[in-house]
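Chain and residue survey
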Amino acid sequence: MEDLIIHNAEIWTLTDTEAIPCGWLSVKNGVISSLGSGDPPPSSIARAVVDGQGKILMPGLVDCHTHLMEYATLEVHHTQGKAQRMAAVSNLLLALQSGIVATGEHHLGHPVADMPMEDYRMILDRIPMNSSMAYGCCWLGFEPKVLTSATRPGKAFQEDVLTEADFLRMAEASEFPGENLFLNYTCANAPLDQAPHAGEVTYGAQKLAQIIEIFHKKGKRIGAHIEGDDSARRFIECGGDVIHHGHALSSEVGTLMAQKGIKLVLTPVAGTSQRPTSPQEAYGFYRQGIFLALASDAYIYPHPEADWIPLPKDRLAGPAQFLSIVGSTLRYFVEQGVQKSEALKLITVNPRSLLHPSESPGFLQTGSPADMILCNRLPALESEDPADICVVITEGQIQVDRRI
Ligand SMILES: [Zn+2]
């Protein structure tokens, strides 16, 4: 007996095959066991049956760069102490309700989110999402400059106190190449005039190469917060793997990234002191053959110059705004002739393969994890409203159901 059968759905597998206009899909033990067009075979029975009512069934959304468990617990919920754990759960639940089945979380040692590294994983283990953790250190471009680190949570330093042992611990614990280090000082969520050093480069080539080597020796890929060509070139030359943000990068650096197979996690809403990557610039990188994923960097205020983002600039954008953050970029890709299923990969299978390189990237096919959404309209391309995502399924179970 199957655990779940969904029938009468328009199935967007995101594989190379065309969408199935009316089909069915079955799930067993959290994995897609079979799918096809028309009705399921008469012999198939399941514990739960969902009539898709002609809605769209597709892989769940993946946001591979978020901070829902650290500073958002303060900035969104104003929580301290143990209540921060509840705030982290609340933020992750909102992501799940918004159709996001996996996030790439960060622990950068925010001074207020005073949780040890292990607690983050313990919280994630209780949430029915396939989220991953990256551990890192963060340089804030305030006056004076401030350093925080996952290895020394709850503390802020005004000089570089990190040793090889700190980076070893980050490398060992990190589950994906996220914002493991900041190659440019960040303004975080502060206005730019309060962060006069934002954008300055943090590490010289020698130190950077040492840190990257520590990650690689542990068999881990490394990601970095980067803006501008100088730091991107330095990161690439020192052997780095994944550029996060990558705002204000030239097409020359794009060529280098394509040649070296460097992956790019774009945050179209904000994230550095520079104007974020516009839909047109993102399309340019896509045409250069760079592996792209789009992410929210939630929670964050939209950058003042990100005029393609239809969100108020004075309100923190989070998981419920994910589709508004990525929508303009994905629609621009489709306007330029990119297939809709190809554009949707930037918020589904691409970020998932970054988080879980050894697993199936989440196409709807036999053997893939059953992490799916049932929607009224194609997310981001046809609707930015998370309420159009009617059902969210992870681990083969219905976790969110708006039909009731
Ligand atoms: Zn970030």
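Everything numeric here is computed off the predicted structure, so don't read it as measured data.

Attention now goes to the coordination of the zinc ion. Donor atoms from the polypeptide that bind the zinc ion are His-65 (NE2), His-67 (NE2), Glu-179 (OE) and Asp-297 (OD), placed at 2.1 to 2.4 Å. What the 4 donor atoms of the zinc ion show is an angle range of 83 to 170° at the metal, which sorts the shape as irregular. Counting residues between consecutive donors of the zinc ion along the chain gives the motif H-x1-H-x111-E-x117-D. Each member of the pair, His-65 together with His-67, is buried.

On to the packing of aromatic side chains, then. On inspection of all chains with the given rule, the structure shows 6 aromatic pairs. Centroid distance Trp-139 to Tyr-185: 5.7 Å. Interplanar angle 70°. Geometry classified as edge-to-face. One end of the pair, Trp-139, is in strand 9 (residues 137-140); the other, Tyr-185, is in the loop between strand 11 (181-182) and helix 5 (205-217), and 46 residues separate them in sequence. Given the relative accessible area of 7%, Trp-139 is considered buried.

Partitioning the protein chain into domains gives domain 1 (2-59 + 363-401) and domain 2 (61-354). One C-alpha centre belongs to domain 1, the other to domain 2; they are set 30 Å apart. Listed per partner, the contact involves 25 residues of domain 1 and 28 residues of domain 2. Both sides of the domain 1 and domain 2 interface together cover about 2100 Å² of buried area, and 70% of this is carbon and sulfur. On the domain 1 side of the contact with domain 2, Leu-14, Leu-381 and Glu-384 bury the most area, a combined 30% of that side's loss. The interface formed by domain 1 and domain 2 includes 3 salt bridges. Put simply, Lys-340 and Glu-382 hold a salt bridge, and the shortest N to O gap is 3.6 Å. Scanning the region where domain 1 abuts domain 2 turns up 5 residue pairs in polar contact (both at pLDDT 80 or more). Of all the secondary-structure elements, those providing two or more residues to the side of domain 1 that touches domain 2 are strand 5 (56-59), strand 17 (389-394) and strand 18 (397-401).

Procedures and definitions
- Residues numbered from 1 in each chain as written.
- Predicted model: local features only at pLDDT ≥ 70, side-chain atom pairs only at ≥ 80, totals over all residues.
- Heavy atoms only, no water.
- Donors = N, O, S within 2.8 Å, 3.2 Å for Na, K, Ca; no water.
- Tetrahedral: all angles 85-135°; square planar, octahedral: opposite > 155°, others 65-115°.
- Buried < 20%, exposed > 50% of the residue type's maximum accessible area, 1.4 Å probe, protein only.
- Phe/Tyr/Trp six-rings, centres within 6.5 Å; stacked < 30°, edge-to-face > 60°.
- Helix = DSSP H or I, 4+ residues; strand = E, 2+ residues; numbered from the N terminus.
- Domains from an automatic or database assignment.
- Contact = heavy atoms within 4.5 Å.
- Buried area = accessible area lost by both parts, 1.4 Å probe.
- Salt bridge = Lys/Arg side-chain N within 4 Å of Asp/Glu carboxyl O.
- Polar contact = N/O pair within 3.5 Å; in protein donor to acceptor, adjacent residues only side chain to side chain.

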